[in-house]
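Architecture at a glance
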Amino acid sequence: MAVLSLHNVDYAIGSHPLLTDVSLHLHRGDRLCLTGRNGTGKSTLLRLASGRLEPDAGQLSQDADVQVAILDQEFDPGMKGSALEYASWADAATLDEPELQAARLHAAEEALTRLSVPFDTVLTSASGGMIRRVMLARVLASRADVLLLDEPTNHLDIDTVLWLEEYLKRVSSRDGTAMIIVTHDRAFARAITTRVAELDRGRLHTAECGIDEFQRRREIMLEQERSVHREFDRKLAEEEAWLRKGVKARRRRNEGRVKRLIEMRETCRNRRQEESSVRLQAGSGLRSGDLVFETENLSFSYGAEPIVSSLTTTVMAGDRVGVVGPNGCGKTTLLRLLIGDLAPVSGSVYRGTNLQIAYFDQMRALLAPESTVFENIGEGYDTVESGGQSKHVIAYARDYLFSEADLQKPAGVLSGGETNRLLLAKLFARPSNLLVLDEPSNDLDAETLDLLEELLLEYKGTILLVSHDREFLDNVVTGCLVFSGPATVSEHVGGYSDWRDRIAMQGIDADPEPTRNGDASSPDQARPVSRVRRLSYREAQELEALPGRIAACEAEMEQIHEALADANLYRSDDGGKVQQLSVRLSELEQESEDLYERWQELLSIEEGQA
């Protein structure tokens, strides 16, 4: 029996229908991952399920004794007092029960400790990331029957995300806690999901499977939908052509056909098209020198608190380096030391020649919140450079899913996902040979994150990347700088999982006492080098389709060879047929060679990740 249900819910913002006839039934122990593009209504659906919003039509139903707790994207305007006071808050019924009140206090203390939040943190002066963790602690401490979690991994370091995974699986199995989770963290979603639901053009599609299987089914479903639309459009075109003939259409016996055509036109107008995809393209800059950074005994501290101690490392052109560590350890500080925003207390940083830096700042300081989207992208100009070409700001912004109406919005009113897309648009409009990315994946939907991964893999310059998304790190970086102890940064070859696997094989903790920085005798202290990467979802689909494309190419080549072998073709060739076939054969031979080369390339990647 469902503990919470939405029945035929409609919800619109102004004249824009956001949710249409949405039904969802959540059962005890469900861990449902809610996916969909940014702006499709995922957060709205959670608020409807929590009762914070009233639907335009349909209804919410739940058991009388079921408690629901929601982690919202928006901060609670009533937040005040200390972190412990807010996280352990309980309703009047709980306050009348001393045992329940004590249990709530203990649960809040445990959650805050796990989330690295001091109990006495003053909320009115806390950072946004700290407030998000306090809000999460309050939801976890509630021990509610239904948890509605909107991006729960934002502002959590990787170790804390791993703890949260295990915690949610444990309370789901032990207590039957049901959950709806919105997350951009694919590894997190893959680890906890028992069901998947996707919001797509106002409709909700659910499946009893994991994320990877759902993606496979989704592609099949979308292709079937496209096929149905193509057939519908063909019939509509035929009916339109029939009507244009005129005379017969006006006869009474054909009025039914005219009526059906009108209905088909209306159906076509009401069809909600597939969402456009973000088109990411980084502006290429000058070639930098082979040496990008070299540090010697680099140290930095804030007052008496050491942040980085005696770091000696080298970053070469083309390296893709991940910076890994818990919240507050100094990852952003290290980036700023490397690019020159901060001066070291001791030691040195050498920066290579011709560096053109594009810096994706975690605090989004690159954006002017009072300025419009247009003004932020154009910076006083109507055009930007994209992929070596000049583009009007309106056309360029459309690549990042901003409509002309969106261009007049102040940047400060955008959602988290829209803000990140705007920052990427502004960043990639600049020529660069060094990308410095501090948490770029926050609030991006899965498709945009995949495209960002592909852009970074194709980027010709050097990348420094801070992220708590394990899969994103594994797919992009070739080496890691890991904060493996207080003020200690160690250097490791490969991605995040490679580092975890290596220390697991050595039988040591994930925060080991590292060998001294710069110790060339340790294989892990070598400069990051290229590693075998994983196939992206799109590449896996391409690999699956390549044998069929190669077969089709070879079949056409065989047909042309047979045609050219026919002597009659040369006797009657007065229209250049032989030349046309020869040119086509040459094109197919080159295409076949390219397809085989691409097939071998993707196969080698697949074999490397197996």
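Summarised in this report is the structure supplied together with it. The structure presented is a predicted model; accordingly, all values stated were derived computationally and were not measured. For every chain, the first residue of its written sequence is number 1, and the numbers climb from 1 along that sequence. In keeping with the predicted nature of the model, local features appear solely for residues at pLDDT of at least 70, side-chain atom pairs appear and are counted solely at 80 or more, and the whole-chain, interface and lining totals rest on all residues. To obtain the side-chain values, all non-hydrogen atoms of the structure were included, while hydrogens and water were left out.

Digging into the nonpolar core
The criterion is simple. A nonpolar core is a set of buried Ala, Val, Leu, Ile, Met, Phe, Trp, Tyr and Cys residues joined through side-chain atoms within 4.5 Å. For every residue, the accessible area (1.4 Å probe, protein chains only) is compared with the maximum for its type, and the residue is labelled buried under 20%, exposed over 50%, or partly exposed between those bounds. Of all hydrophobic cores here, the largest spans 42 residues; its most connected members are Ile377, Phe428, Leu435 and Leu456. A run of H or I in DSSP counts as a helix once it spans at least four residues, and a run of E counts as a strand once it spans at least two, with each numbered from the N terminus. Examining the composition of this core, we find that six residues originate from one element, helix α13 (residues 416-428), more than from any other. Contact definition: two residues touch when any of their heavy atoms are within 4.5 Å. In contact with Ile377, not counting residues within four places along its chain, are Val384, Val393, Tyr396, Ala397, Leu422 and Ala425. Core analysis: the next-biggest nonpolar cluster, separate from the first, contains 38 residues, Ala87, Leu112, Val117 and Leu136 among them.

Observations concerning the pattern of salt bridges
Basic side-chain nitrogens of Lys or Arg form a salt bridge, by our definition, when they fall within 4 Å of a carboxyl oxygen of Asp or Glu. For the coordinates displayed, the defined rule picks out 22 salt bridges. Residues Arg47 and Glu74 are paired through a salt bridge, measuring 3.6 Å at the closest nitrogen-oxygen approach. Of the two residues, Arg47 is situated in helix α1 (residues 42-50) and Glu74 in the loop between β5 (68-71) and α2 (83-87); the sequence distance between them amounts to 27 residues. For Arg47, a relative accessible area of 16% puts it in the buried group. Note on Glu74: relative accessible area 53%, which makes it exposed. Notably, a salt bridge pairs Glu110 with Arg143, separated by 3.9 Å at the nearest N-O pair. Here Arg143 lies in the loop between α5 (128-141) and β6 (146-150) and Glu110 lies in helix α4 (residues 98-114), a separation of 33 residues in the sequence.

Quick notes on empty space enclosed by the protein
Cavities and pockets were defined on a 1 Å grid built over protein atoms only: a cavity is a set of grid points that admits a 1.4 Å probe from which the probe cannot escape, a pocket is an open set flanked by protein on both sides within 12 Å along at least five of seven lines, and lining residues are those with an atom within 4 Å of any such point. Grid points are joined across faces, edges and corners, and a volume is the space filled by probe spheres set on the points. Counted by the stated rule, this structure contains four cavities of 30 Å³ or more. In this structure, the second largest cavity spans a volume of roughly 70 Å³. Lining the second largest cavity are Thr153, Asn154, His155, Leu156, Val161, His184, Asp185, Glu439, Ser441, Asn442, His468 and Asp469. Three classes are used, and their members are as follows: Ala, Val, Leu, Ile, Met, Phe, Trp, Tyr, Cys and Pro are nonpolar, Asp, Glu, Lys and Arg are charged, and the others, Gly among them, are polar. By residue class, the composition of the lining of the second largest cavity is two nonpolar, seven polar and three charged.

Quick look at α13
Multiply 1.5 Å by the residue count of a helix minus one, and that product is the helix's expected span. Spanning 13 residues, α13 covers 18 Å between terminal C-alpha atoms, matching the ideal 18 Å at 1.5 Å per step. For α13, the complete set of buried residues consists of Gly417, Glu418, Thr419, Asn420, Arg421, Leu422, Leu423, Leu424, Ala425, Lys426, Leu427 and Phe428.

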